[in-house]
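Chain by chain, the residues:
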Amino acid sequence: MARIEPIMRLAMKRALLPVAALLPLTCVAPAGAADPGEEIARAQVYRGWAFDTCEAPATSTMSAWRSSDYGAVGVYVGGRGRHCKKQPNLDRSWMRSVDDQGWGVLPLYVGSQSPCVHAKNKQDVRITGDPKGQGKAEGRDAVNRAEALGIQPRSPLYLDMESYDIKKKACADKTLAFVRAWNREVRSQGYLPGFYSSADSGVTHMQQARRAGVEDLPEVIWFARWNTAPDLYGEPALDQGSWFPHRRIHQYRGNSKETYGGRTLNVDRNLVEAPVARIVT
């Protein structure tokens with residue numbers, strides 16, 4: 001795990017806090033930064049370190065990992081593009097258990113992928129036909145899966161859109177139409193639509209759309225830029241005032257084997273200042 005200076009460690013200590021309590025810990029707002037919207041202001045925000053891994057670990061492993069610096073976990077709750085489909089540990093009981101242990105949960109949904117997705121293992125789950133209709137249907141599926149796991153409204157659902165060729169305009173337009181429809185459906189059901197992608201592809205694309213005044217964009221951005229220092233507000237693909245405050249996650253390293261409490265996992269590392277799920281108790 002990357003180490004930080006003691007005073008920074010104190011500021012980034014794991015905490016599940018309402019936004020009002022978190023505000024004194026945030027950095028000074030960049031020029032042009034927007035105030036948090038009503039949805040974010042009512043969300044449960046986590047600020048600190050998080051990991052995500054393909055298969056939700058056993059609750060005993062999650063308990064052992066409380067000895068780590070991590071305080072939140074990314075969980076793949078559904079979608080036709082999800083790699084680890086079986087998820088034997090993931091159910092309502094698992095959600096309640098990790099919530100009771102003090103973990104924040106970042107729900108990820110790997111739905112249909114861009115028609116020009118780069119990954120070879122995602123070619124069979126590309127967007128086909130009507131992107132708006134497909135996005136709406138999969139947004140509804142994401143909400144259904146969240147509800148089945150006891151994830152309450154006002155929680156974020158993060159759409160995982162793997163790296164794609166944003167220079168191909170027809171493909172980029174189709175992808176954006178899908179994402180916007182997914183966002184609208186998720187938002188209409190009372191959840192917060194988030195978006196995960198590579199900083200140089202999907203995240204750059206969302207920033208371009210924001211500059212152009214496009215509506216129905218994600219509420220939260222989870223950007224992957226690996227092998228760099230964790231940095232929420234220095235990301236070159238994002239304008240300083242975009243998705244600020246409490247709206248960013250930086251995935252800064254991938255495929256890292258780590259061991260805590262005698263339990264080893266292969267994880268991606270993240271720095272978070274963003275909403276986490278509200279779990280039915």
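Residues numbered from 1 in each chain as written. Predicted model: local features only at pLDDT ≥ 70, side-chain atom pairs only at ≥ 80, totals over all residues. Heavy atoms only, no water.

Asks: Describe in detail the overall build of the chain, supporting the description with residues and values.
Replies: Looking only at helices and strands, the chain features 8 helices and 9 strands. Per-residue burial over the chain gives 53% buried out of 281 residues. Contacts spanning at least 24 positions in sequence make up 76% of the contacts within the chain whose residues lie at least 6 apart. Accessible area for the chain stands at about 11,900 Å²; split by element, carbon and sulfur atoms hold 50% of it. (Helix = DSSP H or I, 4+ residues; strand = E, 2+ residues; numbered from the N terminus. Buried < 20%, exposed > 50% of the residue type's maximum accessible area, 1.4 Å probe, protein only. Contact = heavy atoms within 4.5 Å. Areas by Shrake-Rupley, 256 points an atom, 1.4 Å probe, with all protein chains shown as cover.)

Asks: Go over the pairing of strand E7 (residues 220–224) with me, naming the residues and quoting the values.
Replies: For a regular strand, side chains alternate in direction, first toward one face of the sheet and then toward the other. Most of E7 is tucked away, with 5 of its 5 residues classed as buried. Sheet topology note: the strand E6 (residues 192–198)/E7 ladder contains 5 bridges and is parallel. Bridge assignment links Tyr196 to a residue of E7, and that residue is Trp222. Where the polypeptide runs from E6 across helix H8 (residues 199–211) and back to E7, its parallel neighbour, the crossover connection is right-handed. Across 4 bridges, E7 lies against strand E8 (residues 248–260) in parallel orientation. (Pairing = 2+ DSSP bridges. Right-handed = clockwise from strand over helix to strand, strands pointing away.)

Asks: I'd like a description of the packing of aromatic side chains, backed by residues and values.
Replies: Scanning the entire structure with this criterion turns up 11 aromatic pairs. Their ring planes at 65 degrees and their centres at 6.1 Å tell us that Trp49 and Tyr252 sit as a pair that is edge-to-face. Placement of Trp49 in strand E2 (residues 44–52) and of Tyr252 in strand E8 is noted, with a sequence separation of 203 residues between them. When the centroid spacing of 4.8 Å and the interplanar angle of 50 degrees are considered together, the rings of Phe51 and Trp65 count as tilted. Linking Phe51 in strand E2 with Trp65 in the loop between helix H4 (59–64) and strand E3 (70–78), this pair joins segments that are 14 residues apart in sequence. Take Phe51: its relative accessible area is 0%, and that puts it in the buried class. According to the relative accessible area criterion, Trp65 is buried, its value standing at 0%. Chaining the aromatic ring pairs together yields one cluster made of Phe51, Trp65, Tyr70, Trp103 and Tyr260. (Phe/Tyr/Trp six-rings, centres within 6.5 Å; stacked < 30°, edge-to-face > 60°.)

Asks: With reference to specific residues and values, describe unusual backbone geometry.
Replies: For the bond from Phe244 to Pro245, the omega torsion is -10 degrees, close enough to zero to count as cis. Tracing the backbone shows Pro245 in the loop between E7 and E8. In the Ramachandran plot, Arg154 falls in the positive-phi region, its phi being about 75 degrees despite a non-glycine side chain. For Arg154, a relative accessible area of 36% puts it in the partly exposed group. Not every positive phi belongs to a glycine, and His246 is a case in point at roughly 60 degrees. With respect to the secondary-structure elements, His246 resides in the loop between E7 and E8.

Asks: Any chance you could break down the packing of helix H7 (residues 169–188) against H8 for me, citing the residues and the numbers?
Replies: Across the interface, H7 lies against H8 with an axial gap of 11 Å and an inter-helix angle of 80 degrees. In terms of orientation, H7 lies roughly perpendicular with respect to H8. For the pair H7 and H8, contact is made by Ala172, Leu176 and Val179 and by His205, Met206 and Ala209, respectively. Residue classes in the contact of H7 with H8 are distributed as 5 nonpolar, 1 polar and no charged. (Axes fitted to C-alpha atoms, helices over the stretch in contact; angles between N-to-C directions. Parallel < 35°, antiparallel > 145°, perpendicular 65-115°, else oblique. Nonpolar A, V, L, I, M, F, W, Y, C, P; charged D, E, K, R; others polar.)

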